[in-house]
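Descriptive analysis of the structure
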Amino acid sequence: MTESLFQRGSQYQQFRPTYPPSLFQWLSNQSTGHHLALDLGCGSGQASRGLEPWFRQVLGADISHEQLLAAPASRSRYLLSMAHRLPLADASLDLITVAQAYHWFDQAAFHAEAQRTLCPGGVLALISYGVCEVTGLGSMIQDFHDGPLAPWWPPERAQVVAGYPDADLPWPALTYPGDCITLDWSATDMLGYLDTWSALVQAARTGEHPLDDFAPTLRQAWGDGLRTVHWPLRVRAWRKQ
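The structure contained in this document is the topic of the report that follows.

Calculation criteria
Residues numbered from 1 in each chain as written. Predicted model: local features only at pLDDT ≥ 70, side-chain atom pairs only at ≥ 80, totals over all residues. Heavy atoms only, no water. Helix = DSSP H or I, 4+ residues; strand = E, 2+ residues; numbered from the N terminus. Rg over C-alpha atoms; globule rule 2.2 N^0.38 Å. Buried < 20%, exposed > 50% of the residue type's maximum accessible area, 1.4 Å probe, protein only. Areas by Shrake-Rupley, 256 points an atom, 1.4 Å probe, with all protein chains shown as cover. Lys, Arg positive; Asp, Glu negative; His and termini not counted. Charge placed at Lys NZ, Arg CZ, Asp CG, Glu CD. Core = buried A, V, L, I, M, F, W, Y, C linked by side-chain atoms within 4.5 Å. Contact = heavy atoms within 4.5 Å. Pairing = 2+ DSSP bridges. Right-handed = clockwise from strand over helix to strand, strands pointing away. Salt bridge = Lys/Arg side-chain N within 4 Å of Asp/Glu carboxyl O. Phe/Tyr/Trp six-rings, centres within 6.5 Å; stacked < 30°, edge-to-face > 60°. Lys NZ or Arg CZ within 6 Å of the ring centre and 35° of its normal. Polar contact = N/O pair within 3.5 Å; in protein donor to acceptor, adjacent residues only side chain to side chain.

This part covers the overall build of the chain. The helix and strand tally for the chain stands at 10 helices and nine strands. Against the 2.2 N^0.38 benchmark of 18 Å for 241 residues, the chain shows a C-alpha radius of gyration of 18 Å, consistent with a compact globule. Principal axes of the C-alpha set define a box for the chain whose edges measure 55 × 35 × 35 Å. Of all 241 residues assigned to the chain, the portion counted as buried reaches 52%. Summed over all atoms, the accessible surface of the chain reaches about 11,300 Å², with 53% contributed by carbon and sulfur. The positive charge centre, built from 16 side chains, and the negative charge centre, built from 23, are 8 Å apart in the chain.

Below is the structure:
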């Protein structure tokens with residue numbers, strides 16, 4: 001049976017890792033104003049909700065209506081919008097975050113829109129995390145990422161895995177002190193997360209299901225208990241002059 005886009009959004013909400021509170025506190029500390037923050041490419045709103053304690057208003061924006069429908073009720077408000085054509089006033093935003101989505105944007109056009117919508121002194125932050133490591137399993141997840149899934153990753157995937165090293169704006173850069181996402185997961189949790197990877201979505205469209213072959217190997221290696229999973233967290237950030 002073909003999975004609906006709403007189900008895909010719900011799966012993102014259930015299985016994608018959440019960001020540590022320290023990330024949002026750092027973003028708040030960098031912001032000169034705390035009235036309005038925009039989480040762009042928000043999906044089902046994980047980062048949007050993380051910003052709520054630090055800003056009076058939080059908007060999440062995405063081009064996927066189905067992802068927005070999967071966002072649980074919270075103080076954040078959501079809008080359907082492209083990154084380079086935001087229905088927002090000039091100099092209205094104190095912060096723009098882009099979590100795991102910048103590589104899908106028309107980047108030059110988005111930079112111009114960030115210039116238009118950010119207040120003077122406003123902050124733009126590109127947030128990403130790399131391939132996770134699981135305690136006691138060595139390079140098993142990385143090998144699955146780089147091996148069986150290689151034909152289905154889009155070229156843009158390399159940008160997010162590397163932490164957007166080529167992103168550049170003519171504004172002063174802000175140095176993130178570094179952190180990681182750490183969760184204790186079961187094998188079922190990990191398989192649910194892997195099934196949200198875009199390469200597996202693309203493979204399924206061609207009738208291929210690499211996760212079906214990998215799942216028994218992962219479950220056997222994982223065992224019945226929980227294992228600690230780490231994702232390296234990276235932030236590229238700038239303050240508008």
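Once that is clear, we can look at the nonpolar core. In this structure, Y19, I141, M190, Y193, L194 and L218 are the most contacted members of the largest nonpolar core, which totals 48 residues. With near-sequence residues (within four places) excluded, L194 lies in contact with I141, F144, L200, L211, F214 and L218.

A separate point is the pairing of strand β4 (residues 93-99). Most of β4 is tucked away, with seven of its seven residues classed as buried. One ladder, built from four bridges, connects strand β1 (residues 36-40) with β4; its direction is parallel. Across the sheet, residue L38 finds its bridge partner in β4, namely I96. Alignment of β4 against strand β5 (residues 118-129), held across six bridges, turns out to be parallel. Bridge pairing in β5 places V98 opposite L126. Once you follow β4 into helix α5 (residues 107-117) and on to β5, the crossover reads as right-handed.

Attention now goes to the environment of L93. Of note, L93 is situated in strand β4. With 57 residues separating them along the chain, L93 and L36 place their C-alpha atoms 5.4 Å apart. Excluding residues within four positions of it along the chain, L93 makes contact with L36, L38, L88, T117, L118 and C119.

Time to look at helix α8 (residues 187-194). Counted residue by residue, α8 has six buried out of eight residues, so it is predominantly covered. All of the buried residues in α8 are A187, M190, L191, G192, Y193 and L194.

A word on the pattern of salt bridges. Scanning the model with the defined rule gives two salt bridges in all. Linking R116 and D90 is a salt bridge whose minimum nitrogen-to-oxygen distance equals 2.7 Å. Taken as a pair, R116 in helix α5 and D90 in the loop between β3 (77-80) and β4 lie far apart in primary sequence, 26 residues in all. Looking at R116, the relative accessible area reads 27%, which means it is partly exposed.

Inspection of every chain in the model, using the stated rule, returns 15 aromatic pairs. On the basis of an interplanar angle of 85° and a centroid distance of 5.6 Å, the ring pair of Y193 and W231 is categorised as edge-to-face. A residue pair is termed long-range when its members are at least 10 positions apart, and Y193 in helix α8 and W231 in strand β9 (residues 227-239) qualify at 38 residues. Take Y193 and W231: they sit in the same class, and that class is buried. Grouped by ring-pair contacts, the aromatic residues Y19, F24, Y129, F144, W153, W185, Y193, W197, F214 and W231 constitute a single cluster. The ring of W197 carries R157 above its face, with NZ or CZ at 5.9 Å from the centroid.

For T196, the position within the fold is in the loop between α8 and α9 (198-205). Within the structure, the side chain of T196 is placed 2.8 Å from the side chain of R16, a separation counted as a polar contact.

With that settled, the discussion passes to unusual backbone geometry. Located in the positive-phi region is A91, a residue other than glycine, with phi close to 50°. By the element assignment, A91 lies in the loop between β3 and β4. Despite not being glycine, Y164 shows a phi value in the positive range, around 55°. Judged by its relative accessible area of 2%, Y164 is buried.

This brings us to the side chain of Q30. Within the fold, Q30 resides in helix α2 (residues 21-30). For Q30, a relative accessible area of 17% gives the class buried. Among all residues touching Q30, those that are not within four sequence positions of it are V123, L174 and R239.

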